[in-house]
Structure formats: structure tokens, C-alpha cells
Amino acid sequence: YSKGHNFSVSTGNKEIENAKFNIFPNPSSGLVTIQDTHLTGKHFDVFVYDAAGRLLIQNKTIYQLNLSEFGNGTYFITIKPENSNPIHSRIVITQ
């Protein structure tokens, strides 16, 4: 069991020097929280893919995802902060 993941991305942009997000819980029963630990108030895009690479969710600056409708499995979350590199995470859904 892991409470979440903390991701750091270093860019040349001083305003977004360290993009950090926590994604938890993992594993999850379906409701997943994205905690923006550094870019509060900044926009970011969220993409969720299934294990086959199909795009399931695309949204902007969302802090909670409900993945329960997609069933048990492994899903991949990409967070793309504005003016920064994408951050990738894997989450397991067990219902």
C-alpha cells in the first residue's frame, strides 16, 4: 500500500521550478485525489489511459478523479502542468 506518489520535475522556468503532485490512494477503490503541492492556482491538464493505451479521461485542473466506472485494473495518469514537462503515474483500481 502506498499513500501516494510525489513527483518532481525541474524546468528552466523559475515560476514553475519544481512541479510536485501527490496522487493517492494507490491502490484505490476508484476515487483518486490529485494534490498540487507547489503550483496552487496554476493550470494543468490531466489525462487517464487504460492499460491498452486508450484515453479515458481528459480534463483541466481537476483534483479528484472517479475511476470506479472503468473497473479493476491498472491505469496511467499523465499530468501536464503549463510550461512544464509531463508527469506520469500508475494507479491500481481494486473494487
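Everything quoted here is computed from the prediction, not taken from an experiment. (Residues numbered from 1 in each chain as written. Predicted model: local features only at pLDDT ≥ 70, side-chain atom pairs only at ≥ 80, totals over all residues. Heavy atoms only, no water.)

**Digging into the pattern of salt bridges**
- Under the defined criterion, the tally for this structure stands at two salt bridges.
- As a salt-bridge pair, Lys60 and Asp45 come within 2.9 Å of each other at their nearest N and O atoms. With Lys60 in strand β5 (residues 55-60) and Asp45 in strand β4 (residues 44-49), this pair connects stretches of sequence that are 15 residues apart. (Salt bridge = Lys/Arg side-chain N within 4 Å of Asp/Glu carboxyl O. Helix = DSSP H or I, 4+ residues; strand = E, 2+ residues; numbered from the N terminus.)

**Digging into the sheet that holds β4**
- Taking strand neighbours across the sheet as the criterion, the four strands line up as β5-β4-β7-β8 in an open arrangement whose pairing is antiparallel. Each end of this open sheet is capped by a strand with a single partner; those strands are β5 and β8 (87-93). If you compare each strand with its neighbour and ignore which way they point, the axes differ by 20° on average.
- Relative to strand β7 (residues 73-81), β4 runs antiparallel, the two being bridged by six bridges. Each residue of the ladder has a partner; that of Val46, found in β7, is Ile79. (Pairing = 2+ DSSP bridges. Axes fitted to C-alpha atoms, helices over the stretch in contact; angles between N-to-C directions.)

**Description of unusual backbone geometry**
- Following Phe24, the chain continues to Pro25 via a peptide bond in cis, the omega torsion being -10°.
- Inspection of the secondary structure puts Pro25 in the loop between β2 (18-24) and β3 (31-36).
- For the bond from Asn26 to Pro27, the omega torsion is 5°, close enough to zero to count as cis.
- Within the secondary structure, Pro27 sits in the loop between β2 and β3.

**With respect to the confidence of the model for the protein**
- Averaged over the protein, the pLDDT score is 81; the fraction of residues at 70 or greater is 77%.
- The spread of mean pLDDT over the elements of the protein runs between strand β1 (residues 5-10), the lowest at 43, and β5, the highest at 96.
- Here residues 5-18 scores under 50 on pLDDT; set against residues more than four positions off or in separate chains, the count is 39 contacts. (pLDDT = per-residue confidence, 0-100. Contact = heavy atoms within 4.5 Å.)

**A few points about the side chain of Asp50**
- Tracing the backbone shows Asp50 in the loop between β4 and β5.
- Residue Asp50 is classed as buried on the basis of its relative accessible area, which comes to 10%.
- Of note is the side chain of Asp50, whose polar atom sits 2.7 Å from the side chain of Arg54.
- In contact with Asp50, other than residues within four places in its own chain, are Leu56, Thr74, Tyr75 and Phe76. (Buried < 20%, exposed > 50% of the residue type's maximum accessible area, 1.4 Å probe, protein only. Polar contact = N/O pair within 3.5 Å; in protein donor to acceptor, adjacent residues only side chain to side chain.)

**Details of the packing of aromatic side chains**
- Considering all chains together, one arrives at three aromatic pairs under this definition.
- Ring centres 5.1 Å apart and planes at 75° place the aromatic pair Phe21 and Phe44 in the edge-to-face group. One end of the pair, Phe21, is in strand β2; the other, Phe44, is in strand β4, with 23 residues separating them in the sequence.
- The buried category is assigned to Phe44, whose relative accessible area is 2%.
- Here the aromatic rings of Phe70 and Tyr75 are separated by 6.3 Å at their centres, their planes lie at 45°, and the arrangement is tilted. (Phe/Tyr/Trp six-rings, centres within 6.5 Å; stacked < 30°, edge-to-face > 60°.)

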